[in-house]
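Chain by chain, the residues run as shown.
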There are 2 protein chains.
Amino acid sequence: MEYRVRVEISLKSGHSDPEGETTKKALFELKYPVKAVNVSKVYNIRLEATSLKDAKGKVEEICRRLLANPVKDNYEFEIEEVK
Amino acid sequence: MEYRVRVEISLKSGHSDPEGETTKKALFELKYPVKAVNVSKVYNIRLEATSLKDAKGKVEEICRRLLANPVKDNYEFEIEEVK
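Presented here is a report on the structure given in the accompanying data block. On a predicted model such as this, the values are computed, not experimentally measured, just so you know.

Time to look at the interface of chain A and chain B. Each partner contributes residues to the interface: chain A has 31 residues there, and chain B has 31 residues. With both chains or domains summed, chain A and chain B bury close to 2,900 Å², and 58% of this area falls on carbon and sulfur atoms. Looking at the side of chain A facing chain B, the largest losses of area belong to Tyr32(A), Pro33(A) and Lys35(A), adding up to 19% of the total buried there. Between Glu48(B) and Lys35(A) there is a salt bridge whose closest N-O contact spans 3.8 Å.

In structure tokens:
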């Protein structure tokens, strides 16, 4: 079966977010009253798996092995079956 | 008032997504049965505005002026008031 997976990788609190900081500065210079900007990344993945449980296991592994850096990143994901 | 804004920037269909392609290849080499990967970016913004309508107008402008490239990017956003 095929699954549509959405993984969001965000920085753990306390880690610097230079892209967010630069974006905040740029918006501030354009006179927008912005107080904070944080950037995160979304991976939309089409994955084959035998069941929802199998898909969850694979996505956990993928996040830990490849997509998220355990020192600085949090990850969360949603999975839905493709009909 | 203060608003929490979540802007998601994704590629328009037909535009190449080298980061997604590279991620797909890396996952495939790790033996994950991945059929497609697309990457998008999320900006979490704290913004001051006088009303929800004012906040929406500012966010539209921010997306068009700074965050999204009209040639290749789609954007969508959600806004909620910070209590």
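Further remarks concern unusual backbone geometry. The phi dihedral of Lys31(A) falls on the positive side, at around 75 degrees, and the residue is not glycine. Within the secondary structure layout, Lys31(A) lies in the loop between helix H1 (18–29) and strand S2 (34–48).

We now examine the pattern of salt bridges. What the rule picks out here adds up to 20 salt bridges over all chains. The partner of Glu60(B) in a salt bridge is Arg64(B), with the nearest N and O atoms 3.9 Å apart. You can see Glu60(B) and its partner Arg64(B) sitting in helix H2 (residues 52–67), 4 residues apart, about one turn around the helix. One salt-bridge network, in which partners are shared between bridges, spans Glu2(A), Arg46(A), Glu48(A) and Lys35(B).

Looking now at the sheet that holds strand S2 (residues 34–48) of chain B. Across the sheet, which stays open at both edges, the 6 strands sit in the order S3(A)-S1(A)-S2(A)-S2(B)-S1(B)-S3(B) with antiparallel pairing between neighbours. Looking at the sheet topology across the chains shown, the edges are occupied by strand S3 (73–81) of chain A together with strand S3 (73–81) of chain B. Across this sheet, the average inter-strand angle for adjacent strands is 20 degrees, counted without regard to direction. One ladder, built from 9 bridges, connects strand S1 (residues 2–11) of chain B with S3(B); its direction is antiparallel. Note that in S3(B) the partner of Tyr3(B) across the bridge is Glu81(B). Contacts between helix H2 (residues 52–67) of chain A and the sheet are confined to strand S1 (2–11), S2 and S3 of chain A, with S3(A) contributing the most and set at about 155 degrees to the helix.

Cut-offs used in this document
- Residues numbered from 1 in each chain as written.
- Chains lettered and ligands numbered in written order.
- Predicted model: local features only at pLDDT ≥ 70, side-chain atom pairs only at ≥ 80, totals over all residues.
- Heavy atoms only, no water.
- Contact = heavy atoms within 4.5 Å.
- Buried area = accessible area lost by both parts, 1.4 Å probe.
- Salt bridge = Lys/Arg side-chain N within 4 Å of Asp/Glu carboxyl O.
- Helix = DSSP H or I, 4+ residues; strand = E, 2+ residues; numbered from the N terminus.
- Pairing = 2+ DSSP bridges.
- Axes fitted to C-alpha atoms, helices over the stretch in contact; angles between N-to-C directions.

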